[in-house]
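# Tertiary structure, described
Each chain is listed here by its residues.
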Amino acid sequence: YVIHRSGTNDSFTIQKGSSPTLGNLIIADAGTIGSASSTSAMTIASSGIVTFVDNINMDSDSAVIKLGADQDVTITHVADTGLNLKQETDADDKPMVLTLQTGETDIAANDELGKILFQAPDEGTGTDAIVASSAIRAFSEGDFAADNNATTLAFATASSGAVADRMVINSAGNVGIGAAARSDAQVYVENNSSDHS
């Protein structure tokens, strides 16, 4: 590996071989390369794993992160909007899959497996306005086992303060609106005069 320094912008280019090639790594300004035990801004392990001590800035609109040996999954910045996650494979039956995984090894009843929160943390009025205002979450109905992964999906909203479940779908497919899903009704609405099934 050869390290080159640019005298015009104090950046360093690390290249493999004696001549520049695609894939060179540029570390701008104060960034340094060091061992894993140092306080360098960045380290490169013999395994090829790159570790950054602080933020990574991609300072261009439409920046793309490409993943996989075939670069078949991409994360693309959409200016002033958000991110696009795309499965680049053009074959049939290749949807984009986003999986939320918990690292917990002993799932018991009511353990959350994953959650998506919606929030406006920079809202100027503060207090309730900056906490999560809605959520979608999945939680276990009992202990997970080799023959059981029963899970409930809940949709939650807030009116003042913390979010609360408003509609739930249990592992049997039964729906509860304003209450937990019931085993004796396919759809149960709290405070309604009758159940609908």
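Preceding this paragraph is the structure being described.
Now for a quick tour of the structure. (Residues numbered from 1 in each chain as written. Predicted model: local features only at pLDDT ≥ 70, side-chain atom pairs only at ≥ 80, totals over all residues. Heavy atoms only, no water.)

### Describing the overall build of the protein
- Looking only at helices and strands, the protein features zero helices and 15 strands.
- For the protein, buried positions account for 19% of its 197 residues.
- Sequence-distant contacts, at least 24 apart, represent 14% of the contacts inside the protein between residues at least 6 apart. (Helix = DSSP H or I, 4+ residues; strand = E, 2+ residues; numbered from the N terminus. Buried < 20%, exposed > 50% of the residue type's maximum accessible area, 1.4 Å probe, protein only. Contact = heavy atoms within 4.5 Å.)

### A word on unusual backbone geometry
- One non-glycine residue, Asp93, adopts positive backbone phi at about 55°.
- Note on placement: Asp93 falls in the loop between strand E9 (82-87) and strand E10 (112-118).
- One non-glycine residue, Thr127, lies in positive phi territory at about 50°.
- Relative to the helices and strands, Thr127 resides in the loop between E10 and strand E11 (134-140).
- Judged by relative accessible area, which is 62%, Thr127 ranks as exposed.

### Notes on a nonpolar patch on the surface
- Taken together, Leu83, Leu85, Met96, Leu98, Leu100, Ile116 and Phe118 make up a surface patch of nonpolar side chains, about 680 Å² in accessible area.
- You can see Ile116 is positioned in strand E10. (Patch = residues over 30% accessible without salt bridge, like charges linked within 9 Å, V, L, I, M, F, W, Y side chains within 5 Å. Areas by Shrake-Rupley, 256 points an atom, 1.4 Å probe, with all protein chains shown as cover. Salt bridge = Lys/Arg side-chain N within 4 Å of Asp/Glu carboxyl O.)

### Considerations on the environment of Met167
- With respect to the secondary-structure elements, Met167 resides in strand E13 (residues 164-169).
- As a C-alpha pair, Met167 and Ala180 span 13 residues in sequence and 7.7 Å in three-dimensional space.
- Met167 has contacts with Leu153, Ala154, Phe155, Val175, Gly176 and Ile177, leaving out every residue within four places of it along the chain.

### Regarding the environment of Leu85
- Mapped onto the elements of the fold, Leu85 is located in strand E9.
- Sequence spacing of Leu85 and Val64 is 21 residues, and the spatial spacing of their C-alpha atoms is 9.9 Å.
- Beyond its immediate sequence surroundings of up to four residues, Leu85 is in contact with Thr74, Ile75, Met96 and Leu98.

### Some remarks on the sheet that holds E11
- With mixed pairing, six strands are arranged side by side in an open sheet as E10-E11-E12-E13-E14-E15. Both edges of this open sheet fall to E10 and strand E15 (187-189), since each of them pairs with a single strand only. The mean angle between the axes of side-by-side strands here comes to 20°, regardless of whether they run parallel or antiparallel.
- Sheet analysis places E10 next to E11, joined by six bridges and oriented antiparallel. Bridge pairing in E11 places Phe118 opposite Ser134. (Pairing = 2+ DSSP bridges. Axes fitted to C-alpha atoms, helices over the stretch in contact; angles between N-to-C directions.)

The values reported here are purely geometric and, on their own, carry no functional implication.
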